[in-house]
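Listed here are the chains, written in short residue letters.
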Amino acid sequence: MPRLKRNSPASLAHRLRVDVHAAWLTARDPRTPWHARAFGLLITAYALSPIDLIPDFIPVLGLLDDVVLIPLGIWLFVKMLPDKVFEEHRAEAALAAERPGSAWGALIVILLWVFAALAVAWLFGFHFD
């Protein structure tokens, strides 16, 4: 059985990333009822949050909660929505996932972190001699 690459369209990580992005877009859609909107924002916040229900450093269970809870939450979220709303946003999220990342954006973020670290070091009086 061939192994799937991490960002191939058939991988679980890719599908979760697309579905979480689609849930975020759907939660912001005016056609989404308020209770579904609140639940969708909760699911996307949980998926993007570094704080998990079960910490990731616990073997097997730490990563298993993301693989079970997020798809279950998205499934419940889709059940709360009017027909075809989530599919529209899933297609939009899939197109966004195919776009290449910005190397310039990554460089800017890295430079900001380096400048912030140097500013903190300067503020606390560290001298690089």
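Just so you know, these numbers come straight off a predicted model, no measurement behind them.

Enquirer: Any chance you could break down the nonpolar core for me, citing the residues and the numbers?
Expert: With 15 residues, the main nonpolar core has I70, I74, F77, L81, F86 and A93 as its most contacted residues. Of all the elements in the fold, those that place two or more residues in this core are helix 1 (12-27), helix 2 (34-48), helix 3 (61-79) and helix 4 (85-98). Of all the elements, helix 1 adds the most residues to this core, at seven residues. The residues touching I70, leaving out its near neighbours within four places in the chain, are L16, V20, Y46, A47 and D65.

Enquirer: Could you give an account of helix 5 (residues 103-123), with specific residues and numbers?
Expert: Along its 21 residues, helix 5 runs 30 Å from first to last C-alpha, staying within 8% of the 30 Å computed at 1.5 Å per residue. Following helix 5 by one or two positions, G125 adopts a phi angle in the positive range, close to 80 degrees.

Enquirer: Account for the packing of helix 1 against helix 2, naming residues and giving values.
Expert: It is the contact of helix 1 with helix 2, at a shortest axis distance of 9 Å, that shows an interaxial angle of 145 degrees. At the point where helix 1 passes helix 2, the crossing takes the left-handed sense. Residue-level contacts link V20, A23, W24 and A27 of helix 1 to R37, G40, L41, T44 and A47 of helix 2. Split by residue class, the contact of helix 1 with helix 2 holds six nonpolar, two polar and one charged.

Enquirer: Give me the packing of aromatic side chains: which residues, what numbers.
Expert: Following the criterion strictly, the structure yields one aromatic pair and no others. With a centroid separation of 6.3 Å and an interplanar angle of 85 degrees, the aromatic rings of F77 and F86 are classed as edge-to-face. On the basis of relative accessibility, which here comes to 1%, the residue F77 falls in the buried class.

Enquirer: Describe the environment of L41, and please don't skip the residues or the numbers.
Expert: The residue L41 is located in helix 2 in this model. In this structure the C-alpha to C-alpha distance between L41 and A23, which are 18 residues apart in sequence, comes to 7.6 Å. Non-local contacts of L41, meaning those with residues more than four positions away in its chain, are made with W24 and A27.

Enquirer: Lay out the packing of helix 1 against helix 3 in plain terms, naming residues and giving numbers.
Expert: Each pair of packed helices can be described by the angle between their axes along with the distance between the axes. Where helix 1 contacts helix 3, the axes come no closer than 11 Å and their chain directions differ by 40 degrees. As judged from the angle between their axes, helix 1 and helix 3 are oblique. Seen along the crossing, helix 1 lies across helix 3 with a hand that is left-handed. The segment helix 1 lies against helix 3, with L12, L16, D19, V20, A23, T26 and A27 engaging D66, V67, I70, P71, I74 and F77. The residue inventory of the contact of helix 1 with helix 3, partitioned by class, reads ten nonpolar, one polar and two charged.

Scoring rules and cut-offs
- Per-chain numbering applies: the sequence of each chain, read as written, is numbered from 1 onward.
- With the structure being a predicted model, the display of local features is reserved for residues of pLDDT at least 70 and the display and counting of side-chain atom pairs for 80 or more, all residues being used for whole-chain, interface and lining totals.
- The basis for every side-chain value is the complete set of heavy atoms in the structure, and neither hydrogens nor water enter the calculation.
- We call a set of buried residues a nonpolar core when its members are Ala, Val, Leu, Ile, Met, Phe, Trp, Tyr or Cys and they connect through side-chain atoms within 4.5 Å of each other.
- Any residue under 20% of the maximum accessible area for its type is buried, any over 50% is exposed, and the rest in between are partly exposed; the area is computed with a 1.4 Å probe on protein chains only.
- In this text, helices come from DSSP runs of H or I with a minimum length of four residues, and strands from runs of E with a minimum of two, each type numbered from the N-terminal end.
- Contact definition: two residues touch when any of their heavy atoms are within 4.5 Å.
- A helix is expected to span 1.5 Å multiplied by its residue count minus one.
- Here, axes are lines fitted to C-alpha atoms. For helices the fit covers the stretch in contact, and angles between N-to-C directions go from 0 to 180 degrees.
- Less than a right angle of anticlockwise turn of the near helix away from the far helix marks a crossing as left-handed, whereas a clockwise turn marks it as right-handed.
- The classification used treats Ala, Val, Leu, Ile, Met, Phe, Trp, Tyr, Cys and Pro as nonpolar, Asp, Glu, Lys and Arg as charged, and all other residues, Gly among them, as polar.
- We call Phe, Tyr and Trp rings a pair once their centres come within 6.5 Å, taking the six-membered ring for Trp, and we label the pair stacked below 30 degrees between planes, edge-to-face above 60, and tilted otherwise.
- Should an angle fall under 35 degrees it is called roughly parallel, over 145 degrees roughly antiparallel, and 65 to 115 degrees roughly perpendicular, with every other angle called oblique.

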